[in-house]
Amino acid sequence: MAASIEWLYLAAAVLFILGIRDLSSAETARRGNTLAAIGMLLAIIGTLQHQAIVRIDWIIAGMVIGGLIGLLMAVYMPMTAMPERIAIVNGLGGAASGLVGISEVYRHVIVPQAAGSVVTFDAFHTGVAGFEIMLGSLTFSGSMIAYGKLRGLVSGSPLTYPGQNIVNVAWLVGMLAVISGLVTGSLAPEFFFVLAGLALVFGVMFVLPIGGADMPVVIALLNAYSGLAAAATGFVLNNKVLIIAGALDGSSGLLLSLLMCKAMNRSITNVLFGAVGAAVSSGGSTDQGDPQTISVVEAAERLFDARRVIIVPGYGMAAAGAQFAVREVADLLKSRGTEVRYAIHPVAGRMPGHMNVLLADANVPYDDLVEMDEINPDFADTDVALVMGANDTCNPAARHAEGSPIFGMPILDVDQTSQVIVIKRSMSPGFAGIPNEMFLAPNCHMLFGDGKQVAEQLAETLSL
Amino acid sequence: MKVVVPRERVAGETRVAVTPRTVKRLVRAGLSVHIETGAGSASGISDAEFIEAQATIVSDPHSLYTDAGIVLGVQPPDAETIARIPAGTFLVATINPLIEHDLVNRLAEQRVTSFSLDLVPRIARAQSMDVLSSMSTLAGYQAVLLAAMSLPSIVSYLTTAAGTLHPAKVLVLGAGVAGLQAIATARRLGALVWGYDIRPVVAEQVESLGATFLDLDVAAEDAEDAGGYAREQTQDQAQRQQAAMTAHLAEMDVVITTALIPGRPAPELVTTEMVAAMKSGSVIVDLAAERGGNCALTRPGTNYTTDSGVTILGPLNLCCTLPAHASLMYANNVVNFLLHICRDASIAVDTDDEVTIGTLVTHDGQVVHERVRQVLEA
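Values in this document were obtained by computation on a predicted structure and should not be read as measured data. In this numbering scheme, every chain counts its residues from 1 along its sequence in written order. As a convention, the first chain written is A and the first ligand written is 1, with the rest following in written order. Whole-chain, interface and lining totals are the exception, using all residues; otherwise, since this is a predicted model, local features are given only for residues with pLDDT of at least 70 and side-chain atom pairs are given and counted only at 80 or more.

Trainee: Is there a simple way to explain the packing of helix α6 (residues 131–150) of chain B against helix α7 (residues 177–189) of chain B in this structure?
Mentor: Each pair of packed helices gets described by two things: the angle between the helix axes and the distance between those axes. Residues and elements named next belong to chain B. Packing of α6 against α7 brings their axes to within 7 Å, and their N-to-C directions diverge by 40°. Regarding the angle of α6 to α7, the classification is oblique. As for how α6 packs across α7, the hand of that crossing is right-handed. Contacts from Ser133, Ser136, Thr137, Ala139, Gly140, Tyr141, Ala143, Val144 and Ala148 in α6 reach Val177, Ala178, Gly179, Leu180, Gln181, Ala182, Thr185, Ala186 and Leu189 in α7. In the scheme used here, Gly and all other residues not listed as nonpolar or charged are polar, with Ala, Val, Leu, Ile, Met, Phe, Trp, Tyr, Cys and Pro taken as nonpolar and Asp, Glu, Lys and Arg as charged. Of the residues belonging to the contact of α6 with α7, the class tally is 11 nonpolar, 7 polar and no charged. Between N-to-C directions, angles cover 0 to 180 degrees, with each direction set by a line fitted to C-alpha atoms, over the stretch in contact for helices. Segments assigned H or I by DSSP are reported as helices when at least four residues long, segments assigned E as strands when at least two residues long, and all are numbered from the N terminus. Note that the term roughly parallel is reserved for angles under 35 degrees, roughly antiparallel for angles over 145, roughly perpendicular for angles of 65 to 115, and oblique for everything else. Whether a crossing is left-handed or right-handed is set by the direction in which the near helix is turned from the far one by less than a right angle, anticlockwise for left-handed and clockwise for right-handed. Whether two residues are in contact depends on their C-beta atoms, placed from the backbone: they are in contact if these lie within 7 Å.

Here is the structure:
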């Protein structure tokens, strides 16, 4: 390799290392980014001088198209979509490694074998190429699934099935067996493609059981894998800067994942494998997953068709000042002959009698208010429960989750109702700070929005 | 097991630790209930009603304690009564152990196992046993009515042919249970209500009742401790608060103060100068009078009007003015607590249970409550 290329590669490697180091603090992060970018530029310039380059026009076309796409992404994708951007870019990096691996295998193994001549790959290179293809492919598919989860194209809830961890481990072992078979020569080189296929599927299998909320950790980890893939590519191509950059990427990615898990107070094994077989553990589920949502119109329809409705007010209704609109909704339903009552939990709100005061203010007749012990048996025979900003008071975790702060507190049996509609601003937890299992139940739909506005819209829709 | 309920002897105490409904619950749990004659009369409960609930009425206060298993009370028993309680008996009452050191020692010497309900931990599970919340709710409500009766004007907004009566302006200092209930009650009467607390997190709670949170710009980030109580302020914080508050006080018709710190004297929120700035005819209701008062000019136990025309009310034990509901709530707290620690008609002292650890003051001749021990040793 020409000396000038070596110097450029060295400069690039140094700039990569300095760049990553600078990324660890906010003040120097910008500079780090720039240094790493310059390093990349030098590496590309160095590579372009490589004698082995056959067709410069393909390369220029690739650079222009890739550069354009990158520019458009940088300019138009919003900062909030950063994790998605990183997922795509990372995935494509993995794909690049995988493709390079396949092309090298083609050049050094498949073509010579087909021509009957000597295979120019030794065992080491064959093995490293196998790893490169495996890591590159799984990084690509895994990152694409991560992107899908972040985007909502793939369900954010963990997709699990019994024995999943065993299957995944067996799959991994299978892929390693294929690589060793390729190295020893007991498997035909076509098995490199089989390996690529297996790895693509593995990437999907690996990411699906991880909850959408944990995607940032997964992406950091996949980043690490693509770094390892790049390092493997470096070994295959005898390219030092790739080995260095890949190693940097691999180690920093892994460290980052571990740090993120520590900040979340969960172990990395819990993040990656935790969802499998986990029923609602004591203390309540750590991953929220996706609730069913419903629109105002759909909610109004269900209320319209209901014979019996129980309204469950909570602190959220108080904070939103929605009591007047709630009364309007109740009046409209009652005028159609629907039975409407309010279930008042003894500790709903932030002071004793909080709900009473507000509902009295809104002129709700005292007779419509029913205390918990009296109304609990009725939820099972009620068509719709309309939960207005109540959370802990109807969280089933209180019945069974022994580590939970609300364990042992008597609750309203709202989850026994045929249909539960929850009006809430977001999935944020209530006073006890824990997620509510009921929100993810199949009979529960979330109507997201400001309590007062939503109630007013419901009233308006019902009056039509 | 024999449950004993003496008549409360402290002057002015109108509550009783059981009601006919709670007696029925205790009897169903396998306990036998013996109540001193006339125990419920101040709360409007007759002996006959207790008998109907399957309690036994005892006329002789001495024989009441023979073979007693559990003694239930509102106020702690006096020295003479403690001497009559057999060793190993359980006592459930509001002992105020951080302040009543002699009493605590006497209970330990007498080998009484005592639980103090004012120490119930403020966790979700124990809300049904929390006497402080129950009594504060009533005190907050009553404070507003007292203030209304002391005002020379009405509280609500009326536009009439004989002129417009403007609504009273009410400021509630301290937005705990009592403060929030006071805010709610003042709103029900039609007043314009402001609420203030050193803990900025309660702003939303104040506003959820339709009142305005008074922003003085002096709140601290760590104003709330682990139990949700306000921390004592620093000198500097207190001074800045007072300066900012004075301008607002000058506009108010009613100021209700509710600030208490567990085990410590009440913090001074309203100084003499601040009272001087208030309008003639305005009223201060100091709910912290029992612990010295939040207002410098409060005379605990009495009401009077200053030379500048400000009426200062320093009521003690306001919940006693609402005996029917005070007894109802207190008795419910007692029975919920008792049934929590009772297993098969006898009491298990479960040292793993958060509620037990929080409320157990003396046991087996020792003072076992961590915090009480620290205060006693100091």
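Trainee: I would appreciate a short explanation of the sheet that holds strand β6 (residues 113–116) of chain B in the present structure.
Mentor: Two modes of strand pairing occur in sheets, parallel and antiparallel, and in both the strands are linked by backbone hydrogen bonds. Residues and elements named next belong to chain B. At least two bridges found by DSSP between two strands is the condition for calling them paired. With mixed pairing, the 8 strands of this open sheet are ordered in space as β3-β2-β1-β4-β5-β6-β18-β19. With one partner strand each, in any of the chains shown, β3 (56–58) and β19 (366–367) form the two edges of the open sheet. Of the strand pairs in this sheet, β6 and strand β18 (residues 360–363) are connected by 2 bridges, and their pairing is antiparallel. Along β18, the bridge assignment pairs phenylalanine 115 with leucine 360. Relative to β18, helix α5 (residues 101–109) is tilted by about 40°, and along the sheet it contacts β5 (90–93), β6, β18 and β19.

Trainee: Which parts of the structure should I look at to understand the sheet that holds strand β10 (residues 192–196) of chain B?
Mentor: Residues and elements named next belong to chain B. Pairing in this open sheet of 7 strands is mixed, and the strands run β11-β10-β9-β12-β13-β15-β14 from one edge to the other. Lying at the two open borders of the sheet, with one neighbouring strand each, are β11 (212–213) and β14 (303–305). Pairing of strand β13 (residues 283–286) with strand β15 (residues 311–313) involves 3 bridges; the strand directions are parallel. Looking at the pairing, isoleucine 284 lines up with isoleucine 312 of β15. The strands touched by α6 are β12 (254–257), β13 and β15; relative to β13, the strand with the most contacts, the crossing angle is about 155°. Here α7 sits on the sheet in contact with β9 (169–173), β10 and β12, set at roughly 170° to β10.

Trainee: How should the pairing of strand β6 (residues 419–424) of chain A be read in this particular structure?
Mentor: Every regular strand shows the same layout, with side chains that alternate between the two sheet faces. Residue and element names in this part refer to chain A. Whether a residue is buried, exposed or partly exposed follows from its count of other C-beta atoms within 10 Å of its own C-beta, namely 20 or more, 12 or fewer, or something in between, respectively; the C-beta atoms are built from the backbone. Among the 6 residues that make up β6, 5 are buried, leaving the element largely enclosed by the rest of the structure. Looking at chain direction, strand β5 (residues 384–388) and β6 are connected through 5 bridges and run parallel. Of the residues in β6, the one forming a bridge with methionine 388 is isoleucine 423. One ladder, built from 5 bridges, connects β6 with strand β7 (residues 444–448); its direction is parallel. Residue valine 420 lies in a different strand from β7, and its bridge partner there is cysteine 444.

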